[in-house]
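Structure assessment
Residue-level listing of the chains:
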Amino acid sequence: MKPARESWTTKLAFILAAAGSAVGLGNIWRFPYVVGENGGAAFVVVFLVIVALIGLPLMVTEITLGRETKKNPIGAFKALAPNTPWWLVGAIGVLAGFVILSFYSVVAGWGISYFFQTVTGSLTEGTDFEAAFFDHVRQGFAPVAWHALFMALTGLIIGLGIVKGIGRAVRYLMPVLFILIIMLVIRGVTLEGASEGLQYYLQPDFTSITWQTWLDAAGQAFFTLSLGMGAIITYGSYLKKDDDVPGSASWIVGLDLLIALLAGLAIFPAVFALGFSEADGPGLAFITLPAVFAQMPFGMFFGAIFFLFFSVAALTSALSLLEVVVAWLVDEKEMSRPKASALVSFGIFLLGIPASLSMGAVDIQVMGMPFFDFLDYLQETFLLPIGGLLTLVFAGYVFTASKTRESANENSTSFKLGVWFEWLIKYITPAAVVIILLAGLFL
Ligand code: PHE
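In every chain, residue numbers begin from 1 and rise along the written sequence. Where local features are concerned, this predicted model is filtered to residues with pLDDT of at least 70; where side-chain atom pairs are given and counted, the filter is 80 or more; whole-chain, interface and lining totals use all residues. The side-chain values count all of the structure's non-hydrogen atoms but skip hydrogen atoms and water molecules.

Re the overall build of the protein
The numbering of helices and of strands both runs from the N terminus, where a helix is a DSSP run of H or I of at least 4 residues and a strand a run of E of at least 2. Helix and strand counts for the protein come out as 19 helices and 2 strands. Relative to a compact globule of 443 residues, whose C-alpha radius of gyration would be 22 Å, the protein shows 21 Å and is just as compact. In terms of overall dimensions, the protein has C-alpha extents of about 60 × 50 × 45 Å along its principal axes. Only protein chains enter the accessibility calculation, which uses a 1.4 Å probe. A residue is then buried if its area is under 20% of the maximum for its type, exposed if over 50%, and partly exposed in between. Counting every position in the protein, which comprises 443 residues, the buried fraction comes to 59%. Put simply, of all contacts in the protein between residues at least 6 apart along the chain, 83% involve residues at least 24 apart. Looking at the protein as shown, the accessible area adds up to about 16600 Å², and 69% of this sits on carbon and sulfur atoms. Residues counted as positive are Lys and Arg, residues counted as negative are Asp and Glu, and His and the chain ends are not counted. Every charge is mapped to an atom, namely NZ of Lys, CZ of Arg, CG of Asp or CD of Glu. Side-chain charges of the protein comprise 22 positive and 29 negative groups, with the mean position of each set lying 16 Å from the other. For this measure, only C-alpha atoms enter the radius of gyration; the expected value for a globule follows 2.2 Å times N^0.38, where N is the number of residues. Contacts were defined at the residue level, with two residues in contact if any of their heavy atoms lie within 4.5 Å. Note on areas: these come from Shrake-Rupley sampling with a 1.4 Å probe, and a residue is covered only by the protein chains present in the view.

What to know about the packing of aromatic side chains
Each aromatic pair joins two rings of Phe, Tyr and Trp (for Trp, the six-membered one) with centres within 6.5 Å, and gets the label stacked for planes under 30 degrees apart, edge-to-face for over 60, and tilted for any other angle. Using the criterion set out here, one finds 34 aromatic pairs in the structure. Seen in terms of ring centroids, W110 and F286 are 5.5 Å apart; in terms of plane orientation they differ by 80°. Their pairing is edge-to-face. Taken together, the positions of W110 in helix α5 (residues 87-119) and F286 in helix α14 (residues 284-294) put the pair 176 residues apart, joining distant regions of the chain. Residues W110 and F286 agree in their burial class; the two are buried. In this arrangement the basic side chain of R30 is found over the ring face of F223, its NZ or CZ atom lying 5.0 Å from the centre. Criterion for a charge above a ring: Arg CZ or Lys NZ at most 6 Å from the ring centre, at most 35 degrees from the ring normal.

Digging into the site of the ligand
One heavy atom within 4 Å of a molecule or strand makes the whole residue count as near it. Every one of the 15 residues lining the ligand counts as a neighbour, but A22, G26, Y104, F223 and S226 are closest to it. Any pair of N or O atoms that falls within 3.5 Å is considered a polar contact. Within protein, one atom must be able to donate a hydrogen and the other to accept it, and sequence-neighbouring residues count only if both atoms are side-chain atoms. Here a nitrogen atom of the ligand and a backbone polar atom of S21 are 3.2 Å apart. G26 places a polar main-chain atom, nitrogen or oxygen, 2.8 Å from an oxygen atom of the ligand. For the ligand, the accessible surface in isolation is 320 Å², of which the surrounding protein chains cover 100%. Secondary-structure elements contributing two or more residues to the shell around the ligand are α1 (11-22), α2 (25-37), α11 (211-224) and α15 (299-332). Across the shell around the ligand, the residue classes tally to 7 nonpolar, 8 polar and no charged. Note that Gly is not counted as nonpolar here; it falls among the polar residues with everything else outside the nonpolar set of Ala, Val, Leu, Ile, Met, Phe, Trp, Tyr, Cys and Pro and the charged set of Asp, Glu, Lys and Arg.

What to know about the environment of D244
Position of D244 relative to the elements: it lies in the loop between α12 (231-236) and α13 (245-273). By relative accessible area, which is 12% here, D244 ends up buried. The spacing of D244 and L392 is 148 residues in sequence and 20 Å in space, taken between C-alpha atoms. With sequence-adjacent residues up to four places away left out, D244 is seen in contact with N411, S412, T413 and S414. A polar contact is formed between the side chain of D244 and the side chain of T413, at a distance of 3.2 Å.

Describing helix α19 (residues 420-442)
Between the first and last C-alpha of α19 there are 31 Å, a value that for 23 residues agrees with the 33 Å anticipated at 1.5 Å per step. Working definition for bend: take the seven residues up to and ending at a residue and the seven starting at it, fit an axis to each, and measure the angle between the axes. In α19, a bend of some 30° at K426 exceeds every other bend along the element, and P430, a proline, comes one to four places later. Within α19, the full set of buried residues consists of F421, E422, L424, I425, T429, P430, A432, V433, I436, L437, A439 and G440. In the core, the buried residues of α19 are packed alongside α3 (41-69), α11, α17 (371-398) and α18 (401-409). Here the expected length of a helix is defined as 1.5 Å per residue gap, with one fewer gap than residues.

A closer look at the pattern of salt bridges
For this document, the term salt bridge refers to a Lys or Arg side-chain nitrogen within 4 Å of an Asp or Glu carboxyl oxygen. Counted under the stated rule, the structure contains 7 salt bridges. Between E422 and R405 there is a salt bridge, with its nearest N and O atoms 2.6 Å apart. Residue E422 is found in helix α19, and its partner R405 is found in helix α18; the two are separated by 17 residues along the sequence. With relative accessibility at 15%, the residue E422 sits in the buried group. According to the relative accessible area criterion, R405 is partly exposed, its value standing at 21%. Each of R30, D376 and E380 takes part in a single network of salt bridges with overlapping partners.

What about the side chain of T391?
For T391, the position within the fold is in helix α17. Residue T391 is classed as buried on the basis of its relative accessible area of 2%. Separated by 2.6 Å, the side chain of T391 and the backbone oxygen of G387 make a polar contact. Setting aside residues no more than four positions away along its own chain, T391 makes contact with L58, T61, E62, L65, F77 and V89.

Quick word on α14
α14 sits mainly inside the fold: 11 of its 11 residues count as buried. Every buried residue of α14 is listed here: L284, A285, F286, I287, T288, L289, P290, A291, V292, F293 and A294.

Regarding the nonpolar core
In a soluble, globular protein the nonpolar side chains are often hidden away together inside. Definition used in this section: a nonpolar core is a set of buried Ala, Val, Leu, Ile, Met, Phe, Trp, Tyr and Cys residues joined via side-chain atoms within 4.5 Å. Counting residues in each nonpolar core, the largest one holds 143 residues, and the members touching the most others are W29 and F306. When residues in this core are grouped by element, the largest group, 18 residues, is from α15. Excluding its chain neighbours within four sequence positions, the residues that come into contact with F306 are I28, L180, I181, L184, L289 and F293. In this structure, F77, I233, F394 and F399 belong to the second largest nonpolar core, which totals 9 residues.

Some points on the packing of α3 against α18
The convention used is that axes are lines fitted to C-alpha atoms, helices contributing only their stretch in contact, and that angles between N-to-C directions extend from 0 to 180 degrees. Two elements in contact, α3 and α18, have axes whose closest approach is 9 Å; the angle formed by their N-to-C orientations is 80°. Judged on the interaxial angle alone, α18 and α3 are roughly perpendicular. Residues V60, T61, T64, R67 and E68 of α3 form the contact with α18, whose participating residues are T404, S407 and A408. Broken down by class, the residue content of the contact of α3 with α18 amounts to 2 nonpolar, 4 polar and 2 charged. For this classification, under 35 degrees means roughly parallel, over 145 means roughly antiparallel, 65 to 115 means roughly perpendicular, and everything else is oblique.

Here it is as structure tokens:
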């Protein structure tokens, strides 16, 4: 007999775990550098539009599908539409989890390494922070070793079981991260020459918007909200019937937005004041933030706590990525949780090796980009948007929009979704994803 499926112990536990999944490297590391690559404030505006139009409705939909079926993504689609190919949407999610975590873990590894570098005092004032970053990721062995450590930790926690592993950490994580980022914002905006960065980040130049901007914003929205791959379906599957779906969805999206927007506010004024380049790509946060800490009283101390919490935030997101793949093996293939977790973690570790090496140690390119960038391109352009689109089509037409709304509204104590929600998930949101994908790819 299968043991009873676990569920969250309190209402807050779900919000915390889902927010733990959403808030991560996507907010602190990825959001600022994608803003920097897309010209600043105008991108932020486009991103906000996408979050409202696509992110929120899809968040509600995924939580609802999970709660309705109490299954992993593949099992959820199988349960609601037996003997149809819809389970393939879940399969895209499992694939996405695997792909994303392989490079995500590499970046988390940089975070752990930066924690130790801060503690040992090798990132103090006077350091060339740009050179320090590129030198670090260019080494062959060290980043791969940190990546191995991070994957081992993630695999261990998931192997021991989800509800026990998650939730507890997040309760402390969010407030501490929030306070540290606020400190960084204050230091950043008071640096001499910060106003140029503020302008860059807050004063939109709408003429710079192209279809590519929309595509990047959509990719970022899926990524930062953990949508389009079943992570939220999986977490929703541990929800009890009496939880409030529209309210939880709003909280999760709101918290995630808040942390991302603040991270940008911590970074851009400093980028301009300290003479870095806003187009530094994946290195942006790792170059800018240590430089800001170096300009702060007790900077070493705060910097160390920051990178510690940065790594923990990455961990709580990584858990949800790994959980999707493991839940599938456990539920559908009847594999034991520890075995599934060990196996998958090792596979992801292997895929992450070329990703890490392609940052400069070895020339590994696919489609003209470093392997690391290729994996990111794959998830942001195809896996998440297509997974999200199909999830919406499924909820809107197969499960039906009216049932999705009804199910989402069940036991809601905050507010109820009106008929507009059905319109949104049937027509507007899927159409927006299709238009952005096609235009971004072909125009
Ligand atoms: N949302 C996470 C972050 O911002 C990453 C993630 C993507 C997690 C997809 C789960 C699923 O860091």
